[in-house]
Amino acid sequence: MEITLSQDQQASLGDDIYKLVTDSISKARKDASIDSKDFFRKKEACIYLGVSNNTLDKFLAMGMPYHVVRGITLYSKEEIKQFVLEQ
């Protein structure tokens, strides 16, 4: 089966593929930067653990450690790992 596209359709398809690839690369770079951090904010901790905000709240209620520095709550990557391993 052969599909023939007009020049406009080819250009549009090329633009769509380019956008999809660049968006995927940007997301991968953003996700990779999380792995290089030692401390996370709540949203980053959720992404790191692959859990929802509510699940992280349950972990905190179970005793997962956190730190408040100048009013900012931070979660240590090492302490998160230790907490998960102990559960």
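It should be noted that the structure appears before, not after, this text.
Described in the following lines is the structure provided in the data block.

Here is what the cut-offs are and how they apply
Residues numbered from 1 in each chain as written. Predicted model: local features only at pLDDT ≥ 70, side-chain atom pairs only at ≥ 80, totals over all residues. Heavy atoms only, no water. Pairing = 2+ DSSP bridges. Helix = DSSP H or I, 4+ residues; strand = E, 2+ residues; numbered from the N terminus. Contact = heavy atoms within 4.5 Å. Axes fitted to C-alpha atoms, helices over the stretch in contact; angles between N-to-C directions. Parallel < 35°, antiparallel > 145°, perpendicular 65-115°, else oblique. Nonpolar A, V, L, I, M, F, W, Y, C, P; charged D, E, K, R; others polar. Buried < 20%, exposed > 50% of the residue type's maximum accessible area, 1.4 Å probe, protein only.

1. Points about the sheet that holds strand 3 (residues 72–76)
The strand order across the open sheet built from three strands is 1-3-2, with neighbouring strands paired in antiparallel fashion. Strand pairing shows two members of the sheet lacking a second neighbour, strand 1 (39–40) and strand 2 (67–69), which therefore form its edges. Here strand 2 runs beside strand 3; their pairing, made up of three bridges, is antiparallel. Each residue of the ladder has a partner; that of H67, found in strand 3, is L74. Sitting on the sheet, helix 4 (residues 77–86) is in contact with strand 1, strand 2 and strand 3, with an inclination near 60° to strand 3.

2. Details of the packing of helix 2 (residues 42–49) against helix 3 (residues 53–61)
One can describe the packing of helix 2 onto helix 3 by two numbers: an axis separation of 9 Å at closest approach and a directional angle of 95°. Here helix 2 is positioned roughly perpendicular relative to helix 3, judged by the angle of their axes. Side by side, helix 2 and helix 3 meet where K42, A45, C46 and L49 of the first sit next to N53, L56, D57 and F59 of the second. Taken together, the residues of the contact of helix 2 with helix 3 sort by class into five nonpolar, one polar and two charged.

3. A few points about unusual backbone geometry
Here the phi dihedral of R70 falls at roughly 50°; this positive angle occurs in a residue that is not glycine. By the element assignment, R70 lies in the loop between strand 2 and strand 3. Residue classification places R70 among the exposed residues on the basis of a relative accessible area of 84%.

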